[in-house]
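The residues making up each chain are set out below.
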2 protein chains.
Amino acid sequence: MSAPAGADLLVRNIGRLLPMTGPPVESAALAIQNGLVSWYGPAADLPERHGDVSELDAEGACVVPGFVDAHTHLPWAGSRRRDLEERLAGVPYEAILARGGGIHSTVAATRAASFDELVALTTARARLMLANGTTTAEVKTGYGLTRDDELRLLDVVAAVAAGTALRVEPTYLGAHAVPPDRDRADYVAEVVATLPAAQARGARWCDAFCDRGAFTVGEARTVLAAARDAGLGTRLHADQLARIGATGLAAELGCASADHLDHLDAEGAQALAAAGVVAVLLPACTLTIGEPTWDAARHLRAAGATIALGTDCNPGTSWCESMPYVVQLACLAYGLPVAEAFRAATLGSAQALRRNDVGHLGVGARGDLAVLEAEHEADLVAHLGARPVRATVVGGVVTT
Amino acid sequence: MSAPAGADLLVRNIGRLLPMTGPPVESAALAIQNGLVSWYGPAADLPERHGDVSELDAEGACVVPGFVDAHTHLPWAGSRRRDLEERLAGVPYEAILARGGGIHSTVAATRAASFDELVALTTARARLMLANGTTTAEVKTGYGLTRDDELRLLDVVAAVAAGTALRVEPTYLGAHAVPPDRDRADYVAEVVATLPAAQARGARWCDAFCDRGAFTVGEARTVLAAARDAGLGTRLHADQLARIGATGLAAELGCASADHLDHLDAEGAQALAAAGVVAVLLPACTLTIGEPTWDAARHLRAAGATIALGTDCNPGTSWCESMPYVVQLACLAYGLPVAEAFRAATLGSAQALRRNDVGHLGVGARGDLAVLEAEHEADLVAHLGARPVRATVVGGVVTT
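The rules behind each value
- Residues numbered from 1 in each chain as written.
- Chains lettered and ligands numbered in written order.
- Predicted model: local features only at pLDDT ≥ 70, side-chain atom pairs only at ≥ 80, totals over all residues.
- Heavy atoms only, no water.
- Helix = DSSP H or I, 4+ residues; strand = E, 2+ residues; numbered from the N terminus.
- Buried < 20%, exposed > 50% of the residue type's maximum accessible area, 1.4 Å probe, protein only.
- Contact = heavy atoms within 4.5 Å.
- Least-squares fit on C-alpha atoms with pLDDT ≥ 70 in both.
- Arc of directions from axis to C-beta.
- Domains from an automatic or database assignment.
- Buried area = accessible area lost by both parts, 1.4 Å probe.
- Salt bridge = Lys/Arg side-chain N within 4 Å of Asp/Glu carboxyl O.
- Phe/Tyr/Trp six-rings, centres within 6.5 Å; stacked < 30°, edge-to-face > 60°.
- Lys NZ or Arg CZ within 6 Å of the ring centre and 35° of its normal.
- Axes fitted to C-alpha atoms, helices over the stretch in contact; angles between N-to-C directions.
- Left-handed = near helix turned anticlockwise from the far one by under 90°.
- Nonpolar A, V, L, I, M, F, W, Y, C, P; charged D, E, K, R; others polar.
- Pairing = 2+ DSSP bridges.
- Expected span 1.5 Å × (residues − 1).
- Parallel < 35°, antiparallel > 145°, perpendicular 65-115°, else oblique.
- Right-handed = clockwise from strand over helix to strand, strands pointing away.
- pLDDT = per-residue confidence, 0-100.
- Core = buried A, V, L, I, M, F, W, Y, C linked by side-chain atoms within 4.5 Å.

Visitor: I keep staring at the overall build of chain A and nothing clicks. Help me out?
Guide: Helix and strand content of chain A: 14 helices and 18 strands. By principal-axis analysis of the C-alpha atoms, chain A measures approximately 65 × 45 × 45 Å. Looking at chain A residue by residue over its 400 residues, the buried ones come to 60%. The long-range share in chain A, meaning contacts at least 24 apart out of those at least 6 apart in sequence, stands at 72%.

So, in structure tokens, the structure goes:
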């Protein structure tokens, strides 16, 4: 179906509305015309209706802008179940890699899957995201790791965007890992050479995994500088496993975002803030990997950086389609105040994707919203393990 | 409806069965007669059927014993939303208490609610527990804090047990907090004097909150020794906020369980193990409160103690009806291996309640089970924010 271009919808009986462009409104209504927000305010001030507009009764629930998921690795095949079991049983990661586990098992399964299988698997994940209130998502390739396999994944992403209501921002992540059978410099050159084709197949962004055991700062600079010159936006996996200078590179290149940041320090946070790089936190990954510290949010708040949130949805280190789950962890584990976590998951993530038409409900914005299973956004944070979202609207169309 | 006494049910097409009394069985079936497990094994070995037995098709999913939630504070009214918002915004707990927040706001709201309101609120929570695969739960009073209000809560618990399929173990927790308007010694004496009436109103257990800012070791000993003498089983909130000697008291008294244990050290773990006191971990509370360490499970495993799990469902520090959420956190935050976490959430919690008829699917056990939304129990742990349970069976009756 793809994101609806423009329906009309009147959302009535909103107990509490968070437009994000202004303070919360209690007992509110919101009107969508041709898929865009045309009015919101206290229900008592609702202008006279015109014609047979569809209506959605929020039944007193809290309504927020559709969540924007700033970081996902959605197209994959295969399972990393055994990795998790072994890791929790104390098997070292090196041993898991040595028996063929880790990212390379996902690459093998993804390459082996048919196009239709990959579309079906990825579509199911996109539908789960919609059911959890996400209306826009960044979606990365990165489990192909050959020119052809990566381009095929961009086609999968395009098919999923066409087949669901989710608004998708496709990212080419050829620089996810160096395939074990490839020379590093040769592979980096292939990634760079693939950029024009990736852009032609729908990629709007280029990302690189710059970390210990992944790509060096020099390699990532080569890829992202070429991507920028080719007209792609840039973003960077940074400071997840170790501090090797990736945040400095993101600031140097003016990336739209630096993501993960589990090992961020105060200096790195200041560099991101000064360069206007949005910091994308991925707490479901941080929990899954078992990082010992949750300091990144504190450094970022102190530095005044813009914070965004993402699920990091992937099979190995963050199998999670739910932004509400991420918002909960952002509050409870990172210690973000409730209002800041919701802001990060909407406006902040939209800024990480350089979009101003989503992530808020100001007049003229996309008519994308989530009706929470709660009267107040703080109840979504507090109520663990409960269904978080009652209905999701994209472009004025109720999708779930 | 209350827990069904005895229906017949044949569960077919189980992809993977965890009976807990033996190793997992792949491609299994399970038969329930008169509410009790009468057979399980490989589907190929299923004996000839007799009569018109109801069937449940597990569609290849993983089936586990119904979860046993070893620790809940289920009957309450009111909201602690503002506490959470203030705490995350950096307001000190003392200031939250000073403006009337914290436990005493829940006590006030609970006392003010009608019996029917309390039954309705608590029933809704019990139904959420069932939908998340819990079939047996310990349920505490503790938001009444007068003789009459506490006894009324026991009546609420009895009404919820009668009105749902959940098997309930009622606990009298008059020693939850000293009401601000009461003399400590006088209140402890009232709790002791209330024990016979509590038992007559259905309490099978007595608990006390022994911690910094709550009851002292001496006060808790007075309450629990009297409870033991009155024929009630005993359990203890221990080492949650500080190490004041509560685990030693639990060992001394031979309590069935010591619960929370966020500040447990190696010595405390050894004391619990030596005394046969089951250690009940409550990771959703640990996450909500933001405790800095997740060391308890490591100490308990090293000591060879029996570990159980609970939601700690309560309005202020763990609003969670979902044992799958707790199992996930037990693995990802505490680092429990997957098999140990499922064992803790079933067999371990049953042992914390001194029951051998639930928490496993051996022949003769209650026919209580959960059909997971997963082919394998490790996928339930890995898949964050997803629906965890497809169907719950209590005594051979499909309840959700």
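Visitor: Would you take a moment to explain the relation of the copies chain B and chain A for this structure?
Guide: What relates the two chain copies is a rotation about an axis together with a slide along it. Rotating chain B by 180° about the axis while translating it 0.0 Å along that axis superimposes it on chain A, leaving an RMSD of 0.0 Å. When the rotation and shift are considered jointly, the pair of chain copies conforms to a two-fold rotation axis. Within chain B, Gly 385 of chain B has its C-alpha nearest the rotation axis, a separation of 3.6 Å. Taken as a fraction of all interface residues of chain B, those also at the interface in chain A reach 97%, which identifies the copy contact as same-surface.

Visitor: What is the right way to look at helix α9 (residues 266-275) of chain B in this model?
Guide: All names here are of chain B. Along α9, the positions that sit buried rather than exposed are Gly 268, Ala 269 and Leu 272. For α9, the angular spread of buried residues about the axis comes to 100°, placing them on one side. Exposed residues lying more than 90 degrees from the buried face of α9 are Glu 267 and Ala 274. Here the buried face of α9 lies against α8 (246-253), β11 (257-260), β12 (278-281) and α11 (296-303). Count one or two residues on from α9 and you reach Gly 276, which has phi positive near 70°.

Visitor: Is there a simple way to explain the domain arrangement of chain A in this structure?
Guide: Residues and elements named next belong to chain A. Per the domain assignment, the segments of chain A are domain 1 (9-65 + 360-398) and domain 2 (67-352). Summed over both partners, the interface of domain 1 with domain 2 buries about 1600 Å², with 71% contributed by carbon and sulfur atoms. Considering only the side of domain 1, the residues that lose the most area to domain 2 are Met 20, Val 381 and Val 394, jointly responsible for 34% of the buried surface there. Connecting domain 1 to domain 2 are 1 salt bridge. Close ionic contact of Asp 368 with Arg 167 constitutes a salt bridge, the shortest N to O distance being 2.6 Å.

Visitor: I would appreciate a short explanation of the packing of aromatic side chains in the present structure.
Guide: When we look at a pair of aromatic rings, we describe it by the centre distance and by the angle of the planes. Inspection of every chain in the model, using the stated rule, returns 5 aromatic pairs over all chains. Look at Trp 294 of chain B and Tyr 334 of chain B: their rings are 4.9 Å apart centre to centre, the planes differ by 75°, and that puts the pair in the edge-to-face class. Taken together, the positions of Trp 294 of chain B in the loop between α10 (283-289) and α11 and Tyr 334 of chain B in the loop between α12 (323-332) and α13 (338-352) put the pair 40 residues apart, joining distant regions of the chain. Between Arg 125 of chain A and the ring centre of Trp 76 of chain A, over which it is positioned, the NZ or CZ distance is 3.5 Å. In this structure, Arg 235 of chain B is placed above the aromatic ring of Trp 205 of chain B, and the distance from its NZ or CZ to the ring centre is 4.5 Å.

Visitor: Is there a simple way to explain the packing of helix α5 (residues 147-163) of chain A against helix α6 (residues 184-200) of chain A in this structure?
Guide: A packed helix pair is summarised by two numbers, namely the angle formed by the two axes and the spacing between the axes. Residues and elements named next belong to chain A. The contact between α5 and α6 brings their axes to 10 Å, and the two run at 35°. As α5 packs across α6, the resulting crossing turns out to be right-handed. Here Arg 147, Leu 151 and Leu 154 of α5 lie close against α6, whose contacting residues are Glu 190, Ala 193, Thr 194, Ala 197 and Ala 198. Of the residues in the contact of α5 with α6, the class split is 5 nonpolar, 1 polar and 2 charged.

Visitor: Is there a simple way to think about the pattern of salt bridges in this case?
Guide: If the charged atoms of two oppositely charged side chains come close together, the side chains can form a pair. Residue and element names in this part refer to chain B. Applying the stated rule across the entire model yields 58 salt bridges over all chains. Between Arg 243 and Asp 265 there is a salt bridge whose closest N-O contact spans 3.4 Å. Here Arg 243 is found in the loop between β10 (233-238) and α8, whereas its partner Asp 265 is found in the loop between β11 and α9, with 22 residues between them in sequence. The residue Arg 366 makes a salt bridge to Asp 357 at a minimum N-O spacing of 2.8 Å.

Visitor: Hey, could you run me through the interface of chain B and chain A in this one?
Guide: Interfaces are often described in size by the accessible area the parts lose on coming together. Across the boundary between the two partners, chain B contributes 35 residues, which contact 34 residues of chain A. Where chain B abuts chain A, roughly 3000 Å² becomes buried across the two surfaces, and 65% of that area is made up of carbon and sulfur atoms. On the chain B side of the interface with chain A, the three residues burying the most area are Arg 81, Leu 88 and Trp 319 of chain B, jointly 23% of the side's total. At the junction of chain B with chain A, the criterion picks out 4 salt bridges. A salt bridge links Asp 379 of chain A to Arg 81 of chain B; its shortest N-O distance comes to 2.7 Å. At the level of elements, α1 (81-88), α10, β14 (319-320), α12, α14 (377-382) and β16 (383-384) of chain B are the ones that each hand at least two residues to the side of chain B that touches chain A. Inspection of the sheet shows strand β14 (residues 319-320) of chain A paired to β16 of chain B by 2 bridges, in the parallel sense. Note that in β16 of chain B the partner of Cys 320 of chain A across the bridge is Leu 384 of chain B.

Visitor: Can you walk me through helix α5 (residues 147-163) of chain B in this structure?
Guide: An α-helical segment advances 3.6 residues per turn. Residues three or four places apart therefore align on the same side. For α5 of chain B, spanning 17 residues, the distance from its first C-alpha to its last is 24 Å, which sits close to the expected 24 Å at 1.5 Å a residue. For α5 of chain B, the elements touching its buried residues are α3 (103-112), α4 (115-131), β7 (134-140), β8 (167-175) and α6 (184-200) of chain B.

Visitor: I tried to follow the packing of α6 of chain B against helix α7 (residues 217-229) of chain B on my own but got confused; where do I start?
Guide: Residues and elements named next belong to chain B. Viewed as axis vectors pointing N to C, α6 and α7 meet at an angle of 15°, and their least axial separation amounts to 9 Å. With respect to α7, the axis of α6 lies roughly parallel. As α6 runs across α7, the sense of the crossing is right-handed. Side by side, α6 and α7 meet where Arg 184, Val 188, Val 191, Val 192 and Leu 195 of the first sit next to Glu 219, Thr 222, Val 223, Ala 226 and Ala 227 of the second.

Visitor: Mind showing me how you'd approach the pairing of strand β12 (residues 278-281) of chain A here?
Guide: Both faces of the sheet carry side chains from a regular strand, because those side chains alternate between them. Residue and element names in this part refer to chain A. Residues Val 278 and Val 280 point to one face of β12 and Ala 279 and Leu 281 to the other, with burial holding for every one of them. Of the pairings in the sheet, the one linking strand β11 (residues 257-260) to β12 comprises 3 bridges and is parallel in character. Within β12, the position partnered with Ala 258 by the bridge is Ala 279. Between β11 and its parallel partner β12, the chain crosses via helix α9 (residues 266-275), and the hand of that crossover is right-handed. As defined by bridge partners, β12 adjoins strand β13 (residues 307-309) across 3 bridges and the pair is classed as parallel. Bridging from a neighbouring strand, Ala 279 pairs with Ile 307 of β13.

Visitor: In this structure, what is going on with the confidence of the model for chain A? I would like to understand it.
Guide: Interpretation of this model should avoid reading the predicted coordinates in detail wherever pLDDT is low. Residues and elements named next belong to chain A. With 98% of its residues at a pLDDT of 70 or more, chain A has an overall mean of 96. By mean pLDDT, the top-scoring element of chain A is strand β6 (residues 67-69) (99), and the lowest-scoring one is helix α2 (residues 93-98) (84). The ipTM, which scores confidence in the relative placement of chains, is 0.96 for this predicted complex, and the corresponding pTM is 0.97.

Visitor: What exactly am I supposed to notice about the nonpolar core here?
Guide: Side chains that are nonpolar tend, in soluble globular proteins, to be buried together. Grouped together as the largest cluster of nonpolar side chains are 208 residues, with contacts concentrated most on Phe 342 of chain A together with Phe 342 of chain B. In this view, Phe 342 of chain A contacts Leu 18, Met 20, Val 64, Phe 67, Val 327, Leu 372, Glu 377, Leu 380 and Val 381 of chain A; residues no more than four positions away in its chain are not counted.

Visitor: When you look at the pairing of strand β3 (residues 36-42) of chain B in this model, what are you seeing that I'm missing?
Guide: All names here are of chain B. Looking at chain direction, strand β2 (residues 25-33) and β3 are connected through 6 bridges and run antiparallel. Within β3, the residue paired with Ala 31 across the bridge is Trp 39. Counted along the chain from β2 to the antiparallel partner β3, the turn is 2 residues long, and its residue Asn 34 has a positive phi close to 50°.

Visitor: Explanation requested: the sheet that holds strand β8 (residues 167-175) of chain A in the structure shown.
Guide: Across a sheet, paired strands are connected by hydrogen bonds in the backbone, their directions being either parallel or antiparallel. Residues and elements named next belong to chain A. Here we have 8 strands laid out as an open sheet, ordered β6-β7-β8-β9-β10-β11-β12-β13, and parallel in their pairing. Edge positions in the sheet fall to β6 and β13, since each has one partner strand and no second. Each strand axis lies, on average, 25° off the axis of its neighbour in the sheet, ignoring direction. Judged from the 6 bridges that link them, strand β9 (residues 205-210) and strand β10 (residues 233-238) form a sheet pairing that is parallel. Residue pairing for β10: Cys 210 is matched across the bridge by Ala 238. Relative to the sheet, helix α8 (residues 246-253) contacts β9, β10 and β11, its axis offset from that of β10 by approximately 170°.

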